[in-house]
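Spelled out, the chains give:
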Amino acid sequence: MYRFETINTLRQYLNSIRSEKTIGLVPTMGALHEGHTTLIETARQENDVVVCSIFVNPVQFNNPDDLARYPRTLEEDCRKLEVAGCHVVFAPSVAEMYPEPPMLRMNFGELESILEGAFRPGHFNGVGIVVAKLVNIVQPDRAYFGQKDLQQVAVIRRLIHDLSFPIELVRCPTIREGDGLAMSSRNRNLTSAERGQAIKLFQALTMARKMLAEDGRSNIQVKAAVTDLFAGDPAFRLEYVEIINADTFQPASEVLAPGQTAICLAAHLGHVRLIDNLIF
Ligand code: PAF
């Protein structure tokens, strides 16, 4: 596995193989788990060469404590990538990616005003800038993102469309622990007691899905039931629960065609902010 820390050396290498190989890009912020290695495996099946970027992107953090606490485990990550069969790791420094703070601002319109956009102002500007930079640097054929960050997928789909990037976006399913907790780099910051409590997000989502899809309850009833579930547990602070069209991110007024309704939620558990969603 090759490891590059500068844009120029990575570009030189990729330019030397590009005419004969397809390239899959898996952008990450490190602290890799099985969710990431599944992205690598999917990318390996569909491309000749897989490039994984590891970069904790300061521009997408609206909370300095969150940035400081974000786990950084580069050597362990590289070992996992090697085992997963990744071909190239790109692990630039902040100075390499941003010699100066970017002047560019990205605004994703309505996508910014709801869910993650509403609670993390500026977050998608930072995601858009770094993903545009990575796509420009790597020039992959395909780029892989996890469904857990569903709104991020919608933002990046729009970025690719608006900037006419000639790449395919591949959304991969959320990978869960045995008890249902969605895998996330932030789970490492949970205490063992919190780790036990964290399954409440998946329980809330499965309860909501049943109420909507089997019991014929309205969106208002379902959102109230989820809100009550969290209100009864002082360990949590629910930030939002929304039922939306998974493609347009507009609020869903009724149950849509199969695979189109998404229930999304975000909640704080101690110092850790967790998000999750189910599409049905
Ligand atoms: O999902 C993430 O880990 C990040 O938001 C991404 C896409 C790597 C951009 O920094």
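Residues numbered from 1 in each chain as written. Predicted model: local features only at pLDDT ≥ 70, side-chain atom pairs only at ≥ 80, totals over all residues. Heavy atoms only, no water.

(A) Inspection of the sheet that holds strand S7 (residues 236-245) at higher detail. Read from one edge to the other, the open sheet built from three strands follows the order S7-S8-S9, with strand pairing classed as antiparallel. Strand pairing shows two members of the sheet lacking a second neighbour, S7 and strand S9 (272-279), which therefore form its edges. Across the sheet, the axes of successive neighbouring strands diverge by a mean angle of 15 degrees, strand direction being ignored. Pairing of S7 with strand S8 (residues 261-269) involves nine bridges; the strand directions are antiparallel. Its bridge partner lying in S8, Arg237 is registered against His268. Sheet strands touched by helix H10 (residues 200-213): S7, S8 and S9. Its angle to S9, the strand with the most contacts, is close to 30 degrees. (Pairing = 2+ DSSP bridges. Helix = DSSP H or I, 4+ residues; strand = E, 2+ residues; numbered from the N terminus. Axes fitted to C-alpha atoms, helices over the stretch in contact; angles between N-to-C directions. Contact = heavy atoms within 4.5 Å.)

(B) Just empty space enclosed by the protein, in detail. Applying the stated rule across the entire model yields one cavity of 30 Å³ or more. Put simply, the largest cavity is a space of about 40 Å³. Lining the largest cavity, in full, are Lys148, Leu181, Ala182, Ser184, Asn187, Leu201, Leu274, Ile275 and Asp276. Counting residues per element, the lining of the largest cavity draws most heavily on S9, which supplies three residues. In terms of residue class, the lining of the largest cavity is built from five nonpolar, two polar and two charged. (1 Å grid on protein atoms, 1.4 Å probe; cavity = no way out; pocket = protein on both sides within 12 Å on 5 of 7 lines; lining within 4 Å. Points joined across faces, edges and corners; volume = space filled by probe spheres on them. Nonpolar A, V, L, I, M, F, W, Y, C, P; charged D, E, K, R; others polar.)

(C) Looking closely at the site of the ligand. Lining the immediate surroundings of the ligand are Pro27, Thr28, Met29, Asn57, Gln60, Val130, Phe145, Asp149 and Gln152. In the model, an oxygen atom of the ligand is placed 2.6 Å from a nitrogen or oxygen of the Gln60 side chain. In this structure, Gln152 approaches the ligand through a side-chain N or O atom, which is 2.7 Å from an oxygen atom. (Near = heavy atom within 4 Å. Polar contact = N/O pair within 3.5 Å; in protein donor to acceptor, adjacent residues only side chain to side chain.)

(D) Just the nonpolar core, in detail. Within the largest apolar cluster, 50 residues are counted, with the highest numbers of intra-cluster contacts made by Leu10, Leu14, Val51, Phe90, Met97, Val131 and Val138. When residues of this core are assigned to their parent elements, the largest contribution, 10 residues, is made by helix H7 (residues 123-138). Each residue touching Val131, except ones within four places of it in the same chain, is listed here: Phe145, Ile156 and Leu159. (Core = buried A, V, L, I, M, F, W, Y, C linked by side-chain atoms within 4.5 Å. Buried < 20%, exposed > 50% of the residue type's maximum accessible area, 1.4 Å probe, protein only.)

(E) Structural view of the packing of aromatic side chains. Taken as a whole and assessed by the stated rule, the structure comprises seven aromatic pairs. Seen from their ring centres, Tyr2 and Tyr13 are 4.8 Å apart, and the 40 degrees between their planes marks the pair as tilted. Of this pair, Tyr2 sits in strand S1 (residues 2-4) while Tyr13 sits in helix H1 (residues 7-17), and the two are 11 residues apart along the sequence. An angle of 75 degrees between the planes, with centres 5.3 Å apart, marks the rings of Phe230 and Phe236 as edge-to-face. Of the two residues examined, Phe230 and Phe236, each falls in the buried class. Ring-pair connections join several aromatic residues into one group, and the members of that group are Tyr2, Phe4 and Tyr13. (Phe/Tyr/Trp six-rings, centres within 6.5 Å; stacked < 30°, edge-to-face > 60°.)

No statement about biological role is implied by the geometric values presented.
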